[in-house]
Amino acid sequence: MVGSHTFQSSIDSKLVTISVMSNKSNLEHAHREIELIYMIKGNLQVKVNNKIFQMKSSDFVLVNSNEFHSFQSDEDNLCVVFHFNYFEIGSLLGQKNLLFICNSTEHDHSANRELRLVIEDLLSVYMKVNDFSQVEFLEKTYKFISTLRMNYLKNQNQMLLNTSIKGQNDRLSEIVDYLQSNYREPLSLEEVASIHYLSIPYLSKYFKKQTGKTFSQYLNEIRLAHAVNELVNSDKPITRIALDNGFPNLASFNRVFNDSYELKPVEYRKQMSGKTERQESSNVISNLETNEALTELRDYLRSTVEKSDQSIPESRSNMETELVKIGKTDAFIKYWNRLLNIGYAKDLLNSDMQEQITLLQSEFGFTYARFWGLFGDDMLLEDRSRGTITYNFSNANKLLDFLIKNKLKPFIEMGPKPKIIQKGIGETLVIQTISSERTLSEWHNLVTAFLLQCIERYGIEEVETWYFELWRPMDELNSKAEEEKDFLAKMKNNQNPKFGEYFKIFSEFKKTAQELVPGAKIGGCGLSMDLEGDKLDSLLDQWKQEDIQPDFLSIYLYPIEIDREKYRVPIKNLHSTDPHYVLNKLNDVRKSLKKTGFENLELNVTEWNISISNRNYLNDSSFKASYMVKNIVENLNQNHVKMLGYWLSSDIFSDFRDSKNILHGGAGLLTKNGIKKPSYHAFVLLKQLGEILVAKGDNYIVTKKSGDRYQVLCYNYKHFNYSYYLHPEGSTGIDEQYDIFENKETLNLSLELQGITNGRYRVKELRLNRDHGSVLDEWLKFGAVDDIKPDEVDYFKQICVPYMKVEHYLVENHSIVLKGELQPHEVRLFEFNLLFGER
């Protein structure tokens, strides 16, 4: 047995333990933790489930939970071993079973280089002594986990516990799973046969045929593998180890151990701990070797940094060109610019708000304008002064006249939805007065009177093109709770609501509306952050039983996860860690619709944004543009979404006593002064896309208009790093908005479009990034002062625009190559139009 020297750190014992080891050999063992071995120097043979990996410097191999593995070392070497707590990782990633396929000795791809850099970043922080930062260590650890999830997590639903079993089927997998989970208990063949509804003789024969081992041999191998791990990595008495791992007594453990390794457990422990008489008498040698290992590790990290620095220019110059062949194309609908949320009804009578909506409409040409609060008390619709109710629709008509004049069709939220300005989850700044309580009869009379006067004023043909959404009041949005814990408590209490009262009101409204304007679309119910599979299934199942059903389902999409109890790390930010939250959530909704018989029901996202907050400077940043473009492109032609309603048109909506600055983190496309934000410019670039889809990739989309006119829209989206989730939303300083993302790497893009017509093309390029079109960055350059003057507002309006240039290209071989280096959060558009072709 070769000697082993190990020193460990358990800086965050809940999540990861790091061990630096030299000359490591070990018998086959197993443990619940996920293990990753990273070689620093020399060679090491690692055996995992009877598969052998020969590792050298910079190689890594991941051992999944409960997999049998061993080490064999015959020379001087050094490696780092990471042990991740299985339950913590599963909780952090939001799933129960994990299986990673991760080793650099067999699979050589670009993700391996990324993982090496992440590992070395973590080790660099780990090696700091005097200026060690717990926060920085956690950040790097979460980045490590995120990289594993994105590139190496292969099975989301079931972990294959023993890949060496041949011909494994579902039944055998269930039995092995049961043994792995209960090996510490006094299991018997009879018990397992009974649980799985099998006869004892059948199970015995079946198990031996499938695994090549008897039931007791296989169970003892599992117990022995876990016991070997504890012999090496714990100070527990050997008798305790035997009993804790399912052996009936010490004698039984000694016998099984000796039969397998021709060695007693006590002797093996002595060999692995290095406690020979010579080593016990000389701790100096051990300390010296430890210091040498640390020095070697530091030298390795230093050399990798130098190599990385030297390789950057080479990697940038050797970009791989991705081919896009102009061939079969698909038509698509621009679902993102059909609906815009313009806000609370009373606010829309404000001249500044109307001026901004006019600007937005002239630029983008939205079809529908969604607003709410039409029946609020501040709209002065009802007069109850004389004992009877009479109606005055003057303010409502002013609003509707304005919309129709600007060619915007009303999308009216009819429910008692208040105006809410939120700083963050559970931090409400304003809840504006909503309508007084009405009886069902009063509600019916009001709706009837409103629709009749609309028909008289605008004509039934016009009103039948409108949408009416009936929002279901939810406790969390009506709540005046100031504290986040109260907000979350209300959300969780609303997980299994009764929809009877809502269905009753909806049915009455739709019956009334259908009698007067049968062609209008009437739906609901605005499900939001608490949207989960079972809850949605329950709603749709009940709605399917009703006599009157919706014309469309409306949902709100904010990437917020309210259930933080699944996390065992100090999560303080409710933003989802899933960069594909919108796509995955819409997939779930469509599955629920199909399951409940609403497969063809129209689906509208009536509100969507990165956050519900109107005090988050991310709303003003370049990041917001890449977030919008990435999600819109990713969901293109997916899940049959008819409308995606961006929330919100203007920062005027969220203007309050604390918003004196030019920016206050509002969710609008325009600042309250009318300065165009990156989110506005994202819509500008998206508008230029053609109606024909040519190709779509991870960071780009290619579209076509009639004739030889092509558009390429590309983006460099960055998701949050894990340290972001350790702090409350909006707590990041205004000048730190770009320090919370997974990395700051540029995107080297090279696309070759093949199959285009030869000739002379005019190529127009638009860049939206931190240097061009970002009001947040321009304000920071300006000094972030809070006393902006009118002429300075005009200055911002002039400079906060994307970069633009035009060139001419001659295409002679039916292809054109577009190249660019995109900054983090950058969105870039290429438009190339044929001026004249070959004859």
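Not measured: the values here are computed from a predicted model. (Residues numbered from 1 in each chain as written. Predicted model: local features only at pLDDT ≥ 70, side-chain atom pairs only at ≥ 80, totals over all residues. Heavy atoms only, no water.)

What follows is about the overall build of the protein chain. Tallying secondary structure elements over the protein chain gives 25 helices and 31 strands in all. Looking at the protein chain as a whole, 55% of its 839 residues are labelled buried. The contacts of the protein chain with a sequence gap of at least 6 include a subset with a gap of at least 24, amounting to 77%. For the protein chain, the accessible surface area stands at approximately 36900 Å², while carbon and sulfur atoms represent 46% of it. (Helix = DSSP H or I, 4+ residues; strand = E, 2+ residues; numbered from the N terminus. Buried < 20%, exposed > 50% of the residue type's maximum accessible area, 1.4 Å probe, protein only. Contact = heavy atoms within 4.5 Å. Areas by Shrake-Rupley, 256 points an atom, 1.4 Å probe, with all protein chains shown as cover.)

Before going further, it helps to examine the confidence of the model for the protein chain. Confidence in the prediction for the protein chain averages 84 pLDDT; 86% of positions are at 70 or higher. Element-level pLDDT for the protein chain is lowest in helix H11 (residues 277-280), with a mean of 33, against a maximum mean of 98 in helix H23 (residues 678-687). A low-confidence stretch, residues 1-13 stays under pLDDT 50, and its non-local contacts, those more than four residues away or across chains, total 44 contacts. Scored below 50 in pLDDT, residues 275-288 makes 6 contacts in the model with residues more than four places away or belonging to other chains. (pLDDT = per-residue confidence, 0-100.)

Let us look at the side chain of Arg-828. Within the element layout of this structure, Arg-828 appears in strand S31 (residues 827-837). Apart from residues lying up to four places away in sequence, Arg-828 is in contact with Val-712, Leu-713, Cys-714, Glu-765, Leu-766, Arg-767, Lys-819, Gly-820, Glu-821 and Leu-822.

We now examine the environment of Leu-93. Tracing the backbone through its elements, the reader meets Leu-93 in helix H1 (residues 86-93). For Leu-93, a relative accessible area of 14% puts it in the buried group. Once you skip the residues sitting within four places of it in the chain, Leu-93 turns out to touch Leu-98, Phe-100, Ile-145, Arg-149, Leu-153 and Tyr-722.

Further remarks concern unusual backbone geometry. The residue after Gly-524, namely Cys-525, is reached through a cis peptide bond having omega 10 degrees. In this structure, Cys-525 sits in strand S20 (residues 521-527). At Asn-50, a residue that is not glycine, the phi angle is positive and equals roughly 70 degrees. Considering the arrangement of structural elements, one finds Asn-50 in the loop between strand S5 (44-48) and strand S6 (51-55).

On inspection of all chains with the given rule, the structure shows 7 cavities of 30 Å³ or more. A volume near 90 Å³ is recorded for the second largest cavity. Lining the second largest cavity are Lys-143, Ser-146, Arg-149, Met-150, Thr-577, Pro-579, His-719, Phe-720, Asn-721, Tyr-722, Tyr-725 and Glu-742. (1 Å grid on protein atoms, 1.4 Å probe; cavity = no way out; pocket = protein on both sides within 12 Å on 5 of 7 lines; lining within 4 Å. Points joined across faces, edges and corners; volume = space filled by probe spheres on them.)

The pairing of strands in a sheet happens through backbone hydrogen bonds and is either parallel or antiparallel. With antiparallel pairing, the 4 strands of this open sheet are ordered in space as S3-S8-S5-S6. Edge positions in the sheet fall to strand S3 (26-29) and S6, since each of these pairs with one other strand and no more. Sheet twist, expressed as the average angle between the axes of neighbouring strands with direction ignored, equals 15 degrees. (Pairing = 2+ DSSP bridges. Axes fitted to C-alpha atoms, helices over the stretch in contact; angles between N-to-C directions.)

With that settled, the discussion passes to the pattern of salt bridges. Under the criterion given, the structure shown has 36 salt bridges. Among the ionic pairs, Glu-230 bridges to Lys-236, the shortest N-O distance being 2.9 Å. For Lys-510, the salt bridge goes to Asp-551, with nearest N and O atoms at 3.0 Å. Taken together, the residues span a long stretch of sequence, with Lys-510 in helix H19 (residues 500-516) and Asp-551 in the loop between helix H20 (533-545) and strand S21 (552-557) at a distance of 41 residues. For Asp-551, a relative accessible area of 26% translates into the label partly exposed. Each of Glu-765, Arg-767, Lys-805, Glu-807, Glu-826 and Arg-828 takes part in a single network of salt bridges with overlapping partners. (Salt bridge = Lys/Arg side-chain N within 4 Å of Asp/Glu carboxyl O.)

A separate point is the sheet that holds strand S11 (residues 330-331). What the 7 strands build is an open sheet, ordered S11-S24-S25-S26-S31-S28-S29; its pairing is antiparallel. Here the strands that pair on one side only, and so sit at the sheet edges, are S11 and strand S29 (803-811). Taken together, the 6 bridges between strand S25 (residues 700-705) and strand S26 (residues 709-715) define a ladder with antiparallel strand orientation. What sits directly across from Lys-704, in S26, is Tyr-710. Helix H22 (residues 622-634) rests against strand S24 (692-696), S25, S26, strand S28 (759-768) and S31 of the sheet, and its axis sits at about 120 degrees to S26. H23 rests against S26, S28 and S31 of the sheet, and its axis sits at about 160 degrees to S28.

The next thing to look at is the packing of helix H24 (residues 775-782) against helix H25 (residues 790-799). A pair of packed helices is characterised by two quantities: the angle between their axes and the separation of those axes. Relative orientation of the contacting elements H24 and H25 amounts to 130 degrees, with a least axis distance of 10 Å. What the angle tells us is that H24 and H25 run oblique. In the packing of H24 onto H25, the handedness of the crossing is right-handed. Of H25, the residues touching H24 (which contributes Glu-778, Trp-779 and Phe-782) are Glu-792, Tyr-795, Phe-796 and Ile-799. Here the residues of the contact of H24 with H25 are counted per class, giving 5 nonpolar, no polar and 2 charged. (Parallel < 35°, antiparallel > 145°, perpendicular 65-115°, else oblique. Left-handed = near helix turned anticlockwise from the far one by under 90°. Nonpolar A, V, L, I, M, F, W, Y, C, P; charged D, E, K, R; others polar.)

With that settled, consider the nonpolar core. Counting 176 residues, the largest nonpolar core has Leu-36, Phe-82 and Phe-468 as the members making the most contacts within it. Ignoring anything within four residues of it in the chain, the contact list for Phe-82 reads Val-16, Thr-17, Ile-18, Ile-34, Glu-35, Leu-36, Tyr-38, Ile-119, Leu-122, Leu-123 and Phe-144. (Core = buried A, V, L, I, M, F, W, Y, C linked by side-chain atoms within 4.5 Å.)

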